[in-house]
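Coordinate analysis (summary)
Here are the chains, one letter per residue:
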Amino acid sequence: MSKQVTLTIDGKQITVPDGTLVADAAKLAGIDIPVFCHHPKLEPVGMCRMCLVEIGRPMFDRATGQIVMENGQPKIQFMPKLETACTNPVSEGMVVLTQTAKAKEGQKGTVEFLLTSHPLDCPICDKGGECPLQNLTMEHGPGKSRFIYDEKLHLDKQVPLGELIWLDRERCIQCARCIRFQDEIAGEAVLGFDERGRNTQIVSLSDPGFDSVFSGNTTDICPVGALTTADFRFGARPWELKAQASICTQCPVGCNTTLNTRREAKAGGDIVIKRVMPRQNEEVNEIWLCDKGRFAHHYVGSKKRLARPQIRKDEKLARASWDAATKLAAENFSASKKDFVILASGRLANEDLFNLKSLADHAGGRAILYSDMGGGDLTALVGVGAGTNLGKLGEGDAILVVASDLYEEAPIWYLRVKQAADRGAALIVANPRETKLDKFAKFSIRYSYGDEVKAVNDFGKKSKISDEFAKAKNAIVFFGSEGLGLNGTSAVASACADLLKETGHIGRASNGLIGVWQRANDQGAWEVGLQPEEDLAKALKGKAVYIVGTDPVGDDPKLAKALEGAEFVAVQDILETATTEIADVVLPAQAFSEREGTFTSGERRVQRFYAAVPPTGDSKPDFVITSMIAKQMNIVLEGTSVSVVFDILANSIEAFTDLSYAKLAEVRPQWPIVGRGDVYYGGTTYENKHGLGVQLVPAAQVGGTVRIPKVKKEAVLRPKEKELLAVPVNKLYDRGVTVSPAELLDERVGEATVSLHPEAAERLGVEAGARVKISFDGVSGEAVVKIDDTISAGVALVPRSMGIAIKEPVAAKVK
Amino acid sequence: MSVLEPVVELVRGLGQTFRYLFDRPVTYQYPEQKREVRPRFRGRHVLKRYDNGLEKCIGCSLCAAACPADAIFVEASENTDEKRFSPGERYASTYEINMLRCIYCGFCEDACPTEAIVLGDNYELSFTDRRSAIYPKEMLLEPVPTVDMTTPRKVETGVYKRSVPEMKDPTD
Ligand code: SF4
Ligand code: SF4
Ligand code: SF4
Ligand code: SF4
Ligand code: FES
């Protein structure tokens, strides 16, 4: 434990770790020192002068070096001037006075100065109601200004910093929290100050404006309404919103969120989600959220939501009762016996997936996970140990990221890994091309697409990198699906698991394997026993298929063809998709925001989400629909209480033993303190009152011998002349069904692209921005050429979920 | 008790009655005849406009927050110079008052930063069902001064930048 220091603040004695700043120490003692520029997650700058206090330190005798005593007490010497509590670290015997007339006068003066040019348009300001400036003015302000109105400085009021964030320059108090967040935490210095003195203004330094996937966080920590989101703009006043705890469904990080809801006239009087806010979980997302999680929520309120069960009659889908629809599905599933296949995705909750798996088992069918990524069996075996916290990794630890662009695939992991690297952890990035994380890596390993397994196996040889990894106190490996399909990822996962085992980095907290999955609950699907299938088209053809929470027809023409030849297709989803169009039965499911459930994150943390808005139409939760079908097949599955389904799940799956909804809802005090009345301190992130979740214990942590199954990787494809090796890469803002309804993100989603090396582009005679046709394996699509000189000349990078069905590396023609 | 006493009382009582018979009557023949209300009377609300016809209401919802009866519902949207309702960035796209809930306390008037919502002199409210007791913005807005001043309307760009009229220095 680090050295502890005892000091007195307003007569209250407190002991805190050495190095703590006075402002934070006061907070720990329950004393609020007003701050604007100080933020417990950022380096101190002392720019706003709001935190002025009197600080005294014990006096030392110069001759003897001893503390001077007075009446048996150390003599305290106060500085003649007020000092900033946010830049002064504590010291032994320090005395801090925050309530004296002198301190109050200083704070009052600062507020008066800050307000000289403030527009005071609180009535129309989105921050009004949860604004640190409002609160601190009420508490510490002078109530009257001595400045003349005519001398107010007027600056631009509606400045778009990119499509997502609005800036009001008059409201900015130049605390630089936004700039410092982008610099220090996100590692993307896209904001800066322009001009000097009273004219100092925030500007975006990037093109496109505010080019960062973390931009929304600056609106949370901006202590005024200078930065607001375009998504929520004038959506409601903060006090009119209801709050419900939830979990982000956009990626496997599992960020804790709060859904703010309100009844809305524009939505025809329905209660809708007005904004998504981060909810503090220092072990998952701290107090941050990426822009996809914050702004892509619109799909749950989309016009395309399915509201009623439908049955195909005379080639057309017609409304039907729940009874008739589930009966028809059940009859067909029963009749097909072994030819019954369930295809479900990681968009579903643990309870839904568990019921589906149980149905498949009881009915003698198969349950397949819709994913082109393998290795979930290995993360259950040698996944990160319970108690893992990326926020604790630092000096002496190592993190290896293989075949994944964390910035695009799991932004908050990028952010946390980057910060671990800042704290001194050895970050090793192994990827065929440069990713944003490379900038913070101690070592970057470049391999060619296809050589992933070799790149990992090379850690077995002696080198500076492998030594560093082997010797690390703690080591975590992230593996993803960049340039890889199902077989490739399984092989990489197994190589990574082997590496971890060989170097003794398994079975402990902060050690182990993490899959950068394509969907939020893929890990949960693996836990309950669903697995992906290499030849999905073959597995579906001629079968009675129950498709849940996925759109294979829209994604892949090959699967569309296979389903055309299916015996019977029942589709259960929240949205109308190309797959519901070919369905024999359509079953409307409730979105995650309309019901309760749990997800398992990539770090294998089981977390609860709660119902925030009323269900759409007659829709029902997925686990209920599955149990209704099961009932008609004379199979008993729990279908009334989601917590009971979870209890059954916990009883039948070892890793979940002892877990219950009550346990998942437990909370502990967290630091920094956020989201209470004192929003000026940590920002508008919500306090976590609904559960921090529980991390599953991987098999390796339980004990016993660990055997890693070997996966043989298929030979690397060698494209013929005139062909390129097209490889899939992952993109944050894609055209997936959970993103595209958010119109605000359209520009960031953009068009389907194909990235080529300048040489390859020259060979093909195309330039950047040209439209080309790319075709492989009976699939073809149009894409816009992007030039990337960090990749090799023989490959073409095609993003997943952008309209071109690419699952694994293929030889493709580009014209 | 003398027998005369009740008779005296009766005559005195009737005397009062006869006196009023010749007094000026206080009764108003409502509804044919209406009584002038006091200047600070609080009746049915009106949403005011500026002289140029723009709506004073900026959709800030402060009236709704102040209302003890939770009678007001406000939903805001964004103004553009192409389609401007009120000065500044924000206007009320929905503004409703439930007249059955309202207790005519006038708190909304006090809370309004632009003096947009004002309790008027109309006390003759009647509804046949609960739904029609909810007055939408169209009913509450006062008529435009002249026909070309309707809202929304296209205005010169960059003129109406401020939602709350700028404060002036005290001149004394
Ligand atoms: S930033 Fe705060 S103080 Fe300034 S106008 Fe907005 S709500 Fe009011
Ligand atoms: S925009 Fe907000 S966070 Fe950034 S400097 Fe201004 S007040 Fe601070
Ligand atoms: S007068 Fe009082 S009760 Fe009626 S709407 Fe205004 S604030 Fe509400
Ligand atoms: S009437 Fe006044 S207080 Fe109410 S929303 Fe409009 S501007 Fe705000
Ligand atoms: S100077 Fe201390 S909070 Fe800004």
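1. Description of the overall build of chain B
In terms of helices and strands, chain B carries four helices and five strands. Written out in order from the N terminus, the α and β elements of chain B read α-β-α-β-β-α-β-β-α. Against the globule reference of 16 Å for 172 residues, chain B gives a C-alpha radius of gyration of 25 Å, more extended than a compact globule. A principal-axis box enclosing the C-alpha atoms of chain B has dimensions of 90 × 50 × 30 Å. Residues counted as buried form 25% of the 172 residues belonging to chain B. Of the contacts formed within chain B by residues at least 6 apart in sequence, a portion of 76% connects residues at least 24 apart.

2. Focus: the overall build of chain A
Within chain A one finds 26 helices and 37 strands. Its C-alpha atoms give chain A a radius of gyration of 28 Å, near enough to 28 Å, the size a compact globule of 815 residues would have. Overall, the C-alpha framework of chain A stretches about 90 × 65 × 60 Å when taken along its three principal axes. Classification of the 815 residues of chain A by burial places 56% in the buried group. Taking as baseline every contact in chain A between residues at least 6 positions apart, the subset at least 24 positions apart corresponds to 72%.

3. A closer look at the pairing of strand 28 (residues 585–588) of chain A
Residue and element names in this part refer to chain A. The alternating pattern of strand 28 places Val585 and Leu587 on one face and Val586 and Pro588 on the opposite face, and all of these are buried. Pairing analysis gives two bridges linking strand 17 (residues 310–313) to strand 28, with the strands arranged antiparallel. Bridged to glutamine 310 within strand 28 is valine 586. Pairing of strand 27 (residues 568–573) with strand 28, which is carried by four bridges, proceeds in the parallel orientation. Residue pairing in the sheet places glutamine 572 in a bridge with leucine 587 of strand 28.

4. With respect to the site of ligand 2
Taken together, 13 residues surround ligand 2, and among them Cys172, Cys175, Cys178, Cys222 and Ala226 of chain A come closest. Taken together, the residues of the shell around ligand 2 break down into eleven nonpolar, one polar and one charged.

5. What to know about the domain arrangement of chain A
All names here are of chain A. Examined at the domain level, chain A breaks down into domain 1 (4–114), domain 2 (151–297), domain 3 (310–371 + 525–657) and domain 4 (724–814). Taking only C-alpha atoms into account, the centre of domain 3 sits 31 Å from that of domain 4. Taken together, the contact pairs seven residues of domain 3 with four residues of domain 4. Grouping the constituent residues of the side of domain 3 that touches domain 4 by class yields two nonpolar, one polar and four charged.

6. Observations regarding the nonpolar core
The biggest cluster of nonpolar side chains holds 222 residues, and the ones touching the most others in it are Ala344, Val477 and Cys496 of chain A. Broken down by element, this core gets its largest block of residues, nine residues, from helix 14 (residues 486–502) of chain A. Those residues in contact with alanine 344 of chain A, other than ones at most four positions away along the chain, are Leu353, Leu356, Ala367, Leu369, Tyr370, Ala525, Leu530, Val548, Gly549 and Thr550 of chain A. Ile72, Ala76, Phe85 and Leu141 of chain B belong to the second largest nonpolar core, which has 29 residues in total.

7. Details of unusual backbone geometry
Peptide bonds are mostly trans, and most non-glycine residues show a negative phi. In this model, tyrosine 30 of chain B is joined to proline 31 of chain B through a cis peptide bond whose omega is 5 degrees. In this structure, proline 31 of chain B sits in the loop between helix 1 (4–21) and strand 1 (45–47). Looking along the chain, the bond that leaves threonine 151 of chain B and enters proline 152 of chain B is cis, with omega of -5 degrees. Looking at where proline 152 of chain B falls in the secondary structure, it is placed in the segment after helix 4 (137–140). Even without being glycine, aspartate 10 of chain A reaches a positive phi, approximately 45 degrees.

8. Things to note about the site of ligand 1
By nearness alone, 13 residues border ligand 1, and Cys122, Cys125, Cys131, Val224 and Gly225 of chain A come closest of all. Among the residues forming the shell around ligand 1, the class breakdown is six nonpolar, four polar and three charged.

9. Re the sheet that holds strand 16 (residues 270–278) of chain A
Residues and elements named next belong to chain A. Strand order in the open sheet made by the three strands is 14-15-16, with antiparallel pairing throughout. One side of each edge strand has no neighbouring strand; the edge strands of this open sheet are strand 14 (242–247) and strand 16. With strand direction ignored, the average angle separating the axes of adjacent strands in the sheet is 35 degrees. Across six bridges, strand 14 lies against strand 15 (residues 256–264) in antiparallel orientation. Residue pairing for strand 15: alanine 245 is matched across the bridge by threonine 258.

10. Thoughts on the environment of arginine 162 of chain B
Residue and element names in this part refer to chain B. Looking at the element boundaries, arginine 162 is found in the segment after helix 4. We classify arginine 162 as partly exposed; it has 17 C-beta atoms within 10 Å. Between the alpha carbons of arginine 162 and aspartate 81 there is a distance of 12 Å; along the sequence they are 81 residues apart. Those residues in contact with arginine 162 that sit more than four places away from it in its chain are Pro87 and Gly88.

11. Regarding the sheet that holds strand 13 (residues 227–229) of chain A
By way of backbone hydrogen bonds, the strands of a sheet pair with one another, either parallel or antiparallel. Residue and element names in this part refer to chain A. In space, the three strands of this open sheet follow the order 9-10-13, with antiparallel pairing throughout. Two strands bound the open sheet, and with one partner strand each, they are strand 9 (159–160) and strand 13. Two elements, strand 10 (residues 165–167) and strand 13, share three bridges in a ladder whose sense is antiparallel. Counterpart to leucine 167 in the pairing with strand 13 is leucine 227.

12. Points about the interface of chain B and chain A
Every contact between the two is made by 20 residues of chain B and, on the other side, 16 residues of chain A. Considered class by class, the residues forming the side of chain B that touches chain A number eight nonpolar, five polar and seven charged.

13. Quick look at the environment of lysine 722 of chain A
All names here are of chain A. Looking at the secondary structure, you find lysine 722 in the loop between helix 24 (699–702) and strand 32 (724–729). Classification of lysine 722 by C-beta neighbours within 10 Å gives exposed; the count is 11. As a C-alpha pair, lysine 722 and alanine 811 span 89 residues in sequence and 9.8 Å in three-dimensional space.

14. Section: the packing of helix 8 (residues 350–363) of chain A against helix 20 (residues 622–632) of chain A
Residue and element names in this part refer to chain A. Interaxial distance between helix 8 and helix 20 falls to 8 Å at its minimum, and their mutual angle equals 20 degrees. The angle between helix 8 and helix 20 places the two elements in the roughly parallel class. The element helix 8 and its partner helix 20 pack so that their crossing is left-handed. Counted together, Glu351, Asp352, Asn355, Leu356 and Leu359 of helix 8 and Asp622, Phe623, Thr626, Ser627 and Ala630 of helix 20 form the full contact between these two elements. For the contact of helix 8 with helix 20, the per-class residue count stands at four nonpolar, three polar and three charged.

15. Focus on the packing of helix 8 of chain A against helix 21 (residues 642–652) of chain A
All names here are of chain A. Two elements in contact, helix 8 and helix 21, have axes whose closest approach is 9 Å; the angle formed by their N-to-C orientations is 60 degrees. Relative to helix 21, helix 8 is oriented so that their crossing is left-handed. Residues Asn350, Glu351, Phe354 and Asn355 of helix 8 form the contact with helix 21, whose participating residues are Val642, Val645, Phe646 and Leu649. Considering only residue class, the contact of helix 8 with helix 21 consists of five nonpolar, two polar and one charged.

16. What about the environment of leucine 21 of chain A?
All names here are of chain A. Checked against the element boundaries, leucine 21 lands in the loop between strand 2 (12–17) and helix 1 (22–28). On the neighbour-count criterion, leucine 21 (22 C-beta atoms within 10 Å) is buried. Considered as a pair, leucine 21 and alanine 236 are 215 residues apart in the sequence and their alpha carbons are 36 Å apart. With sequence-adjacent residues up to four places away left out, leucine 21 is seen in contact with Pro44, Cys86, Asn88 and Pro89.

17. Some words on the pairing of strand 36 (residues 795–799) of chain A
Residues and elements named next belong to chain A. Where burial is concerned, most of strand 36 is hidden: five out of the five residues are buried. Neither face of strand 36 is left uncovered, since the one carrying Val795, Leu797 and Pro799 and the one carrying Ala796 and Val798 both have all their residues buried. Here strand 32 runs beside strand 36; their pairing, made up of five bridges, is parallel. Bridging across to strand 36, valine 727 finds its partner in leucine 797. Bridging between strand 33 (residues 753–756) and strand 36 involves two bridges; their strand directions are antiparallel. The partner of leucine 756 across the bridge, within strand 36, is alanine 796.

Criteria and cut-off values
- Residues numbered from 1 in each chain as written.
- Chains lettered and ligands numbered in written order.
- Predicted model: local features only at pLDDT ≥ 70, side-chain atom pairs only at ≥ 80, totals over all residues.
- Helix = DSSP H or I, 4+ residues; strand = E, 2+ residues; numbered from the N terminus.
- Rg over C-alpha atoms; globule rule 2.2 N^0.38 Å.
- Buried ≥ 20, exposed ≤ 12 C-beta atoms within 10 Å, placed from the backbone.
- Contact = placed C-beta atoms within 7 Å.
- Pairing = 2+ DSSP bridges.
- Near = placed C-beta within 6 Å.
- Nonpolar A, V, L, I, M, F, W, Y, C, P; charged D, E, K, R; others polar.
- Domains from an automatic or database assignment.
- Core = buried A, V, L, I, M, F, W, Y, C linked by C-beta atoms within 7 Å.
- Axes fitted to C-alpha atoms, helices over the stretch in contact; angles between N-to-C directions.
- Parallel < 35°, antiparallel > 145°, perpendicular 65-115°, else oblique.
- Left-handed = near helix turned anticlockwise from the far one by under 90°.

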